[in-house]
Amino acid sequence: MRFKKKTIILSGFLVMILMFLAIAATKNKQLLGLILLPNQQYEPTEIPTDTTDLFEYDGYIRNEIAYVYVQGGPNWELFDRKISPFNWMPNSGNFLKVYPYQSQIINQSIIFSNPILTDRQAQREVEVSAEMLYRTIKYFKNQDKKVYVFCISHGSQIGLEMLRNYPNISDGLALTMIRFDVNKEAIDLTSGGKVPYFNSNQEVTSRYLLPKFLRFQRLNSRVENMATMMKVSRNRYSELLKDRDLSNVVYVYGKYDNKVGCPTQQELDFLKNKGVSILELNCGHDDLGNSDYLDKINQILIN
């Protein structure tokens, strides 16, 4: 009888695991990959020599205007096109839509590295993503296209590193949900599976990125690698970009962003002095899937 009871409990447990995996497979492919893919030894990314291997695209390749979407994350693969901001952008069906890869997408040893990435390795890999983005933009500029770049969150981090290391050659660059000079304490709090959390008074604490039932060692190590890449935001971009041309940059922040917080007056003054267009939205960090918001951003970007 006792053996039968244990068998029933074990069977129920296995059913729950299978249900969880089935849900993850259909609802969150990213999470499923983070759980199931094997650990790897970190290897520095080697960028393909052929620039056409650095991006995917939708639309008519000969279109005179190209929109480049630099996704957030960092994630180990490109997001589903269904959650691209282009889906909410008016007249987006007429655009050439470009989706550049990032270092951790072409090199999975970054996210799945064991041991955890060092700060130097993470910095290098974000710089690699910035080079890939620059080469993608240059590829389309060399075809006499207008190129507008739309960056979100970690994608904006890549955009900042591109501005730091390469000429600003796009026709417009939107940096959204990012800080130029993030609070030092926010960086210090990014560890042990925790990420910063800003309250309505812009006071920063930390919260676990994952719910408790997912905080097991295998998944925690992947979260730590992602967090180490996020901490590249420790760079003080108001200093690093003080001699750069930022006149075609649009800076967008959410008034209720609880992940990176709102820019300080010092940051805003720097941006104004550099001729950056600034747009404050009444939204949080993950709320840009709104046609009105995206239309506002696009109108500033192209004018």
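Our subject is the structure listed above.
> Describe the overall build of the protein, with residues and values.
When helices and strands are tallied, the protein shows ten helices and nine strands. Looking at the 303 residues of the protein, the share that counts as buried comes to 49%. Expressed as a percentage of contacts within the protein between residues at least 6 apart in sequence, the contacts between residues at least 24 apart total 78%. Accessible surface, the protein as shown: approximately 15400 Å² in total, 52% of it carbon and sulfur.

> Tell me about helix α10 (residues 291–302), residues and numbers included.
With twelve residues, α10 ought to run about 16 Å at 1.5 Å a step, and its terminal C-alpha atoms sit 16 Å apart, in line with that. Near the N-terminus of α10, the side chain that reaches the backbone nitrogen of Asp-292, with its oxygen 2.8 Å away, is that of Asn-290.

> Could you give an account of the pairing of strand β6 (residues 194–198), with specific residues and numbers?
Note that β6 and strand β7 (residues 204–208) share five bridges and pair antiparallel. When the bridges of β7 are listed, Pro-196 appears paired with Ser-206. Here β6 folds back onto β7, and the loop between the two strands holds five residues, one of which, Gln-202, carries a positive phi near 65 degrees.

> Mind laying out the packing of helix α4 (residues 119–141) against helix α5 (residues 154–165), listing which residues take part and the relevant values?
Packing of α4 against α5 leaves a shortest axis separation of 8 Å and a crossing angle of 80 degrees. Comparing the axis directions of α4 and α5 gives the class roughly perpendicular. Packed against α4, whose contacting residues are Gln-123, Val-126, Glu-127, Ser-129, Ala-130, Leu-133, Tyr-134 and Ile-137, the element α5 presents His-154, Gln-157, Ile-158, Gly-159, Glu-161, Met-162, Arg-164 and Asn-165 at the interface. When its residues are assigned to classes, the contact of α4 with α5 shows seven nonpolar, six polar and three charged.

> Go over the sheet that holds strand β3 (residues 96–100) with me, naming the residues and quoting the values.
Either a parallel or an antiparallel arrangement is found when strands of a sheet pair, and the pairing is made through backbone hydrogen bonds. Overall, mixed pairing links the seven strands, which are arranged β1-β3-β2-β4-β5-β8-β9 in an open sheet. What marks the edges here is a single partner per strand, and that holds for β1 (55–58) and β9 (277–281). Going from strand to strand, the sheet's axes swing by 20 degrees on average, the running direction of each strand aside. By the bridge criterion, five bridges tie strand β8 (residues 249–254) to β9 in an arrangement that is parallel. Residue Val-250 lies in a different strand from β9, and its bridge partner there is Ser-277.

> Hey, could you go over the pairing of β3 for me, with residue numbers and the actual values?
Across the five residues of β3, five count as buried, placing the element largely inside the fold. Pairing analysis gives four bridges linking β1 to β3, with the strands arranged antiparallel. When the sheet's bridge partners are listed, Phe-55 is paired in β3 with Pro-100. Relative to β3, strand β2 (residues 65–70) runs parallel, the two sharing three bridges.

> Tell me about the packing of aromatic side chains, and please be specific about residues and values.
Counting across every chain of the model gives eleven aromatic pairs. Judged by centre distance (5.0 Å) and plane angle (90 degrees), the rings of Tyr-139 and Phe-140 are edge-to-face. For Phe-140, a relative accessible area of 0% corresponds to the buried category. With centroids separated by 6.0 Å and ring planes inclined at 55 degrees, the aromatic side chains of Phe-180 and Phe-270 adopt a geometry described as tilted. Of this pair, Phe-180 sits in the loop between β5 (172–176) and α6 (184–188) while Phe-270 sits in helix α9 (residues 265–273), and the two are 90 residues apart along the sequence. Both residues of the pair, Phe-180 and Phe-270, count as buried. Each member of the aromatic cluster is reached from another via a ring pair, and the members are Phe-180, Tyr-251, Tyr-253 and Phe-270. For the cation-ring pair, Arg-207 lies above Tyr-197, with the distance from its terminal atom to the ring centre recorded as 3.5 Å.

> Go over the environment of Tyr-148 with me, naming the residues and quoting the values.
With respect to the helices, strands and loops of the structure, Tyr-148 is situated in strand β4 (residues 146–152). With 50 residues separating them in the primary sequence, Tyr-148 and Val-98 have C-alpha atoms 10.0 Å apart. Those residues within four positions of Tyr-148 in sequence are excluded, and the remaining contacts are Ile-65, Ala-66, Tyr-67, Val-68, Asp-171, Gly-172, Leu-301 and Ile-302.

> Would you mind going over the nonpolar core in detail, with residue names and values included?
Buried together is how nonpolar side chains tend to be arranged in soluble globular proteins. Counting 76 residues, the largest nonpolar core has Val-149, Leu-175, Phe-180 and Ile-297 as its most contacted members. With nine residues, the single largest contributor to this core is α4. In this view, Phe-180 contacts Leu-160, Leu-175, Asn-235, Arg-236, Tyr-237, Ser-238, Leu-241, Tyr-251, Glu-267, Phe-270 and Leu-271; residues no more than four positions away in its chain are not counted. Core analysis: the second largest hydrophobic core is formed by five residues, Ala-186, Ile-187, Phe-198 and Val-204 among them.

About the thresholds
Residues numbered from 1 in each chain as written. Predicted model: local features only at pLDDT ≥ 70, side-chain atom pairs only at ≥ 80, totals over all residues. Heavy atoms only, no water. Helix = DSSP H or I, 4+ residues; strand = E, 2+ residues; numbered from the N terminus. Buried < 20%, exposed > 50% of the residue type's maximum accessible area, 1.4 Å probe, protein only. Contact = heavy atoms within 4.5 Å. Areas by Shrake-Rupley, 256 points an atom, 1.4 Å probe, with all protein chains shown as cover. Expected span 1.5 Å × (residues − 1). Polar contact = N/O pair within 3.5 Å; in protein donor to acceptor, adjacent residues only side chain to side chain. Pairing = 2+ DSSP bridges. Axes fitted to C-alpha atoms, helices over the stretch in contact; angles between N-to-C directions. Parallel < 35°, antiparallel > 145°, perpendicular 65-115°, else oblique. Nonpolar A, V, L, I, M, F, W, Y, C, P; charged D, E, K, R; others polar. Phe/Tyr/Trp six-rings, centres within 6.5 Å; stacked < 30°, edge-to-face > 60°. Lys NZ or Arg CZ within 6 Å of the ring centre and 35° of its normal. Core = buried A, V, L, I, M, F, W, Y, C linked by side-chain atoms within 4.5 Å.

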